[in-house]
Amino acid sequence: DIVVINRRTLIPEIWPGGDRSQAYSFYTSGSGGKKTLITICFALALHRTAATNRMPVPSVLIIDTPLKNITPDINPDLVKAFYRYLYDRVENELRHHQLIIIDQLLVRPTEDSPLAFIERFMTVNDPYHPPLISYYS
């Protein structure tokens, strides 16, 4: 796919396979899943640009439910490609950033990844996996 930024509106468009007639943007993507992915990719692009150009940007990136409405059983290739891309960015341009992913689905980096990967499960009424806020249910 090709990403093109409209110079008049500054709204990025995705051209699937480079086909402009199939173009979609955040506003025309239709599904909540695609809108979430576009938003995450935009945030990653901002962080990558800032990191590459040594510009000030928060070094923590929090992504909540990145694959909303896109499940591994429906589109496993997209799930794998997304996390492979995400972890590759954090291993390279964003290596000085901390990435926090909040999701019901756990996709680990590959075993040869240099990332310091930590997972935390939070379950109500489970003393071994307490919720982040103890009194919230």
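Thresholds, definitions, all that
- Residues numbered from 1 in each chain as written.
- Predicted model: local features only at pLDDT ≥ 70, side-chain atom pairs only at ≥ 80, totals over all residues.
- Heavy atoms only, no water.
- Helix = DSSP H or I, 4+ residues; strand = E, 2+ residues; numbered from the N terminus.
- Expected span 1.5 Å × (residues − 1).
- Buried < 20%, exposed > 50% of the residue type's maximum accessible area, 1.4 Å probe, protein only.
- Arc of directions from axis to C-beta.
- Contact = heavy atoms within 4.5 Å.
- Pairing = 2+ DSSP bridges.

(A) Representation of helix α2 (residues 76-91) in the model. Taking 1.5 Å per residue as the helical rise, α2 with its 16 residues ought to reach 22 Å, and the 22 Å between its terminal C-alpha atoms agrees with that figure. Those residues of α2 lying buried are Val-79, Phe-82, Tyr-83, Leu-86, Tyr-87, Arg-89 and Val-90. With its buried residues spanning 155° around the axis, α2 presents them on a single face. Residues Asp-77, Lys-80 and Arg-84 are exposed on α2 and point more than 90 degrees away from its buried face. Each element contacted by the buried residues of α2 is listed here: α1 (32-52), β4 (60-64) and β5 (98-102).

(B) Summary view of the pairing of strand β2 (residues 12-15). Two strands pair when backbone bridges link them, and strand β1 (residues 2-5) and β2 are joined in this way by 4 bridges, in the antiparallel orientation. Across the sheet, Ile-5 pairs through a bridge with Pro-12, a residue of β2. From the end of β1 to the start of β2, which pair antiparallel, there are 6 residues, and Leu-10 there has a positive phi angle of about 60°. Two strands pair when backbone bridges link them, and β2 and strand β3 (residues 24-25) are joined in this way by 2 bridges, in the antiparallel orientation. Residue pairing in the sheet places Glu-13 in a bridge with Ser-25 of β3.

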